[in-house]
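Letter by letter, the chains look like this.
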Amino acid sequence: MRFSKIVLDKQVSRKLSILKSRTGLTPNILCRFGLMLSLKDPTSPDPNLYKQDGQELMRHVLLGDLDTILIALFKQRAYKDKLDLNDEKLMVELFRAHINRGAELLYNRIKDLKNFAKLI
């Protein structure tokens, strides 16, 4: 899956900023946790719900050393959902939707760093 950056929804970017102030964790780390929450959700996120008018995250910053693992988990979920893994545009849009939805899920569950213990 080829992409160099993900542009988040403006409202999601705002929520990540609030989460950063609550936890001290940067948006890229928060998005990694959020991605895992979104992948765990049995429903598929709708890419049309999220505009590309917010924070821009470069792939190497967003995924870091976990790039291969996180992309593999995403692709496994897409395969389970019976999506066309060869449709690059669909895969990138769905990945972006998972990142956005995951950040929102995280925002609803995390008030401070202590809440992360419940997630792990």
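Residues numbered from 1 in each chain as written. Predicted model: local features only at pLDDT ≥ 70, side-chain atom pairs only at ≥ 80, totals over all residues. Heavy atoms only, no water.

## Quick notes on the packing of aromatic side chains
Then comes step 1: Inspection of the entire model under this criterion finds 2 aromatic pairs.
Then comes step 2: With 5.4 Å between their ring centres and 40 degrees between their planes, Phe3 and Phe95 make a pair best called tilted. Note that Phe3 is positioned in the segment before β1 (5-7) and Phe95 in helix α5 (residues 88-109), a separation of 92 residues in sequence. The exposure classification of Phe3 matches that of Phe95, with both residues buried.
Then comes step 3: Ring geometry for Phe74 against Phe95: centres 5.2 Å apart, planes inclined by 80 degrees, an arrangement best described as edge-to-face. Here Phe74 is found in helix α4 (residues 67-80), whereas its partner Phe95 is found in helix α5, with 21 residues between them in sequence.
Then comes step 4: Here the aromatic cluster, defined as three or more aromatic residues joined through ring pairs, consists of Phe3, Phe74 and Phe95.
Then comes step 5: One Lys or Arg, Arg59, reaches over the ring of Phe3 and ends 4.5 Å from the middle of that ring. (Phe/Tyr/Trp six-rings, centres within 6.5 Å; stacked < 30°, edge-to-face > 60°. Helix = DSSP H or I, 4+ residues; strand = E, 2+ residues; numbered from the N terminus. Buried < 20%, exposed > 50% of the residue type's maximum accessible area, 1.4 Å probe, protein only. Lys NZ or Arg CZ within 6 Å of the ring centre and 35° of its normal.)

## Thoughts on the pattern of salt bridges
Then comes step 1: Considering all chains together, one arrives at 6 salt bridges under this definition.
Then comes step 2: Put simply, Asp67 and Arg59 hold a salt bridge, and the shortest N to O gap is 2.7 Å.
Then comes step 3: According to the relative accessible area criterion, Asp67 is buried, its value standing at 19%.
Then comes step 4: In this structure Arg59 comes out as buried when scored by relative accessible area, which is 16%.
Then comes step 5: In this structure, Arg96 engages Glu93 in a salt bridge whose closest nitrogen and oxygen atoms are separated by 2.9 Å. (Salt bridge = Lys/Arg side-chain N within 4 Å of Asp/Glu carboxyl O.)

## Points about the nonpolar core
Then comes step 1: Met1, Phe3, Leu62 and Phe95 are the most contacted members of the largest nonpolar core, which has 31 residues in total.
Then comes step 2: Mapped onto this core, the elements with two or more residues apiece are α1 (10-23), α2 (27-40), α3 (59-63), α4 and α5.
Then comes step 3: It is α5 that contributes the most residues to this core, 9 residues altogether.
Then comes step 4: Other than its neighbours up to four places away in sequence, Leu62 contacts Ile6, Asn28, Cys31, Arg32, Leu57, Phe95 and Ile99. (Core = buried A, V, L, I, M, F, W, Y, C linked by side-chain atoms within 4.5 Å. Contact = heavy atoms within 4.5 Å.)

## Notes on the side chain of Asn100
Then comes step 1: If you trace the backbone, Asn100 turns up in helix α5.
Then comes step 2: Owing to a relative accessible area of 0%, Asn100 belongs among the buried residues under this scheme.
Then comes step 3: Other than its neighbours up to four places away in sequence, Asn100 contacts Leu8, Asp9, Val12 and Tyr50.

## Observations regarding α2
Then comes step 1: Its 14 residues give α2 an end-to-end C-alpha distance of 20 Å, which sits within 8% of 20 Å, the value for a rise of 1.5 Å per residue.
Then comes step 2: In terms of burial, α2 is a largely internal element, 10 of the 14 residues being buried.
Then comes step 3: Regarding α2, the residues found buried are Pro27, Asn28, Leu30, Cys31, Arg32, Gly34, Leu35, Leu37, Ser38 and Leu39.
Then comes step 4: In this fold, the buried residues of α2 make contact with α1, β2 (56-58), α3, α4, α5 and α6 (116-119). (Expected span 1.5 Å × (residues − 1).)

These figures capture arrangement, not role.
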